[in-house]
Amino acid sequence: MSTKILWQKMLCLLRVSLCGILCCSAIEANAQSVVKVVQNEEVGFSLLKDGRPFFICGAGGNQYLSVLREMGGNSMRTWGQETARRDLDNAQKEGLSVALGFWMGHERHGFDYSDPAQRQRQKDEVRRWVLEHKDHPALLVWGIGNEVELECTHEEEIWAQINDLATMIHELDPNHPVMMVVAEIGGEKVRRIHEKCPAVDILGINSYGGAPSLPERYRAAGGKKPYILTEFGPAGHWESPKFAENFAIEPTSVEKAQQYARAYEKAVASERGKLCLGSYVFLWGNKVEATPTWYGMFLPDGSHLAAVETMRGLWGNAKGTLRNTVPIVEKIRVSQSDGIQEGKIISAQCSASDRENDAFVWEWKLIQEAAEYSVGGDAQTQTPDYPEAIVSGQGTPRVEVRLPGGGVFRLYAYVRDGRGGAAFANVLLRGEGEPPVLRLPKVDLPCVVYGDETNSPWVPSGYMGTHQAIRMTTDCRENPRAGETCICAEFLDHSGWGGVLWQSPANDWGNVPGGRDVAEANTLQFWARGERGGETLVFQVGGLENAPFSDSFKTQKREITLTKEWRAYRIALDGLDLRCVKTPFGWVYGSDGTPIKFYLDDIRFLKQEE
């Protein structure tokens, strides 16, 4: 055999070997994970992921995943199924696992657990969800429901459905544990769950002010299942001291970081290898709930707060890439906080320090305090702010403030170090006299109601009519008009009617302030298509006319017959007062005896030139 032929054969074998190695690596990288709960001792539990011990160092939310990984985190938790595929894919790219949540219906939102038809539809949705995602390599554990027991009247039926869902999931996917998530563990909750939900592997517990005492209380309540601390952070707004009887006094961002540390050390680290399988800190992002800052670990501009650095240390990544430390802020001191007369100017000052001696950028903001706080974690709408209230000193540690009227306000001092770190403090102020005229944040056009990667203030939460027959997902990948996803909506009954309104805040029918000012718009445009073509629905802008907090215009409706292809449709808004849009979009279907399925995408307010 010639040397040339020999080298050709050797190169051929080398190519085959390399191909095999690469293929095996690709298979391994994309293989389904296998996760088990194992009992180590009489009362000791741990997770095994692909045969290796796995302790959850996780965060709730799907933002800032690269920062989560850099801080030493290894998992993220979701609450709903709308963006499941995107969340799993994004987590995999960052080397993170996912506690994938299915949002079970809440009775306070209209779900009726005494109705077998509604329970069956929910079970069918869970079946589809599991079959679609069970083989994704980023999947760690299934999360069924979140605090669904709050304000319920059919607790027995809820526990029964959760156990039924867990049994079904185990049949469909024996490779991942099932977790249910509850709000704290008071009363007989722990005993009832152990009795009624034997198919559930893990109890997820959301605990805030009570987190440090959770292990002791859980054992005393008869807890035997392993638990995950699925939400923890500062003491909840319902647990905090009050100003003027009803308004929660918020700790500074530095004080909150200390509360995060105490909760983790007492409820998680001390129980590692015992009852606790890990935790998901709340919230790895930002959210308006009670205040714009109560639970977020980041500000809307991406600046991270002290709680992020705290978790980095607790997760054992003290040498992470985030080397800069955030400012250390003190409480705000004011010359007067209560009974401030109309027109009176008060002074406010705040102190901060920084280990690196970075130059500070100060920002003061006065916002109207929410009339009431949400229940069960429901998002709230950002209340109005009043830039003109900062009479002097903006950009410095000391300002003069004049309230815009009577009522309760929250004065914020934000301090940033110019290197991605931030801190804040706030103080409540109460003025005498008439409250200011409600003024909503203006939005730039085009204003997106729905679209890929959009943080819209409006939520499709207003289910109407035979709402149990409605199934709608905002993360559908069936031929989207633009981007990666669209909305898929179905009405499954052969009679009756149903529809969905986008709302601000979520689940509000005009009882609290909300909405946005889109006064510069004259058109709402959306894209739609039918599954078969010929589906006739009514689409609308507006929906609240005689409530305490209504839309500022009369509802505009348009009946449309869809085609199988994507088409743009418009609802004219010329001449309407759009300074308060609480319900920007909705659809209604009156059944003609045939269930329907249709798709929506790219919903936005525009100003069209004549």
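Residues numbered from 1 in each chain as written. Predicted model: local features only at pLDDT ≥ 70, side-chain atom pairs only at ≥ 80, totals over all residues. Heavy atoms only, no water.

S.K.: For the sheet that holds strand β30 (residues 556–561), give the residues involved together with the corresponding values.
M.R.: Taken in spatial order, the five strands line up as β24-β27-β32-β29-β30 in an open sheet, and their pairing is antiparallel. The sheet terminates laterally at β24 (459–465) and β30, the two strands that pair on one side only. In this sheet, neighbouring strand axes are inclined to one another by 20° on average, regardless of whether the strands run parallel or antiparallel. Direction of pairing for strand β27 (residues 497–503) relative to strand β32 (residues 586–590): antiparallel, over a ladder of five bridges. When the bridges of β32 are listed, Leu 501 appears paired with Gly 586. (Pairing = 2+ DSSP bridges. Helix = DSSP H or I, 4+ residues; strand = E, 2+ residues; numbered from the N terminus. Axes fitted to C-alpha atoms, helices over the stretch in contact; angles between N-to-C directions.)

S.K.: Give a description of the environment of Ser 33 that names residues and reports values.
M.R.: For Ser 33, the position within the fold is in the loop between α1 (3–29) and β1 (35–39). The exposure class assigned to Ser 33 is buried, which follows from its relative accessible area of 1%. Along the chain, Ser 33 and Pro 457 lie 424 residues apart, while their C-alpha atoms are 36 Å from each other. Once you skip the residues sitting within four places of it in the chain, Ser 33 turns out to touch Lys 49, Asp 50, His 136, Pro 137, Leu 139, Asn 175 and His 176. Side-chain polar atoms of Ser 33 contact the side chain of His 176, separated by 2.8 Å. (Buried < 20%, exposed > 50% of the residue type's maximum accessible area, 1.4 Å probe, protein only. Contact = heavy atoms within 4.5 Å. Polar contact = N/O pair within 3.5 Å; in protein donor to acceptor, adjacent residues only side chain to side chain.)

S.K.: Outline helix α5 (residues 155–172), supporting the account with residue identities and numerical values.
M.R.: End to end, α5 covers 26 Å across 18 residues, agreeing with the expected 26 Å (1.5 Å per residue, within 8%). Among the residues of α5, Ile 158, Trp 159, Gln 161, Ile 162, Asn 163, Leu 165, Ala 166, Met 168, Ile 169 and Leu 172 are the ones counted as buried. For α5, the secondary structure elements touched by its buried residues are α4 (116–133), β7 (139–144), β8 (178–183) and α6 (189–196). (Expected span 1.5 Å × (residues − 1).)

S.K.: Can you tell me about the nonpolar core, naming the residues and giving the values?
M.R.: The tendency in soluble globular proteins is for nonpolar side chains to be buried side by side. Counting residues in each nonpolar core, the largest one holds 80 residues, and the members touching the most others are Trp 129, Ile 162, Met 180, Val 281, Trp 284, Met 297 and Trp 315. Of all the elements, α5 adds the most residues to this core, at eight residues. For Met 180, the residues in contact, after removing those within four places along its chain, are Ile 144, Trp 159, Ile 162, Ile 193, Cys 197, Val 200, Ile 202, Leu 203 and Gly 204. Counting residues in hydrophobic clusters, the runner-up holds 36 residues, among them Leu 524, Leu 578, Tyr 589 and Phe 605. (Core = buried A, V, L, I, M, F, W, Y, C linked by side-chain atoms within 4.5 Å.)

S.K.: So what about the state of the cysteines? Which residues, and what values?
M.R.: A full pass over the atoms with the stated rule returns zero disulfides. Here Cys 276 stays unpaired: no disulfide links it, and the sulfur of Cys 57, its closest cysteine neighbor, is 10 Å away. (Disulfide = S-S within 2.5 Å.)

S.K.: I'd like to hear about helix α9 (residues 306–314), residue by residue, with values.
M.R.: Counting buried positions along α9 gives seven out of nine residues, so the element sits mostly inside the fold. Ala 306, Ala 307, Val 308, Glu 309, Thr 310, Met 311 and Arg 312 are the residues of α9 that are buried. In this structure, the buried side of α9 is in contact with α8 (253–267), β13 (276–281) and β22 (422–431). A positive backbone phi angle near 80° is found at Gly 316, which sits one or two residues after α9.

S.K.: Give me the lowdown on the packing of α4 against α5, citing residues and values where you can.
M.R.: Two quantities define a packed helix pair, namely the angle between the helix axes and the distance between the axes. Between α4 and α5, whose axes approach to 10 Å, the crossing angle comes to 30°. The angle between α4 and α5 falls in the class roughly parallel. Relative to α5, α4 is oriented so that their crossing is right-handed. Along its contact with α4, which presents Arg 119, Gln 122, Lys 123, Val 126, Arg 127, Val 130 and Leu 131, the element α5 presents Glu 157, Gln 161, Asp 164, Leu 165, Met 168, Ile 169 and Leu 172. Its residues assigned to classes, the contact of α4 with α5 comprises seven nonpolar, two polar and five charged. (Parallel < 35°, antiparallel > 145°, perpendicular 65-115°, else oblique. Left-handed = near helix turned anticlockwise from the far one by under 90°. Nonpolar A, V, L, I, M, F, W, Y, C, P; charged D, E, K, R; others polar.)

S.K.: Any details on the packing of α5 against α6? Residues and values, ideally.
M.R.: Across the interface, α5 lies against α6 with an axial gap of 9 Å and an inter-helix angle of 45°. Considering their axes alone, α5 and α6 lie oblique with respect to each other. Remark: the crossing between α5 and α6 carries right-handed chirality. Residues Glu 155, Glu 156, Trp 159 and Asn 163 of α5 form the contact with α6, whose participating residues are Lys 189, Arg 192, Ile 193 and Lys 196.

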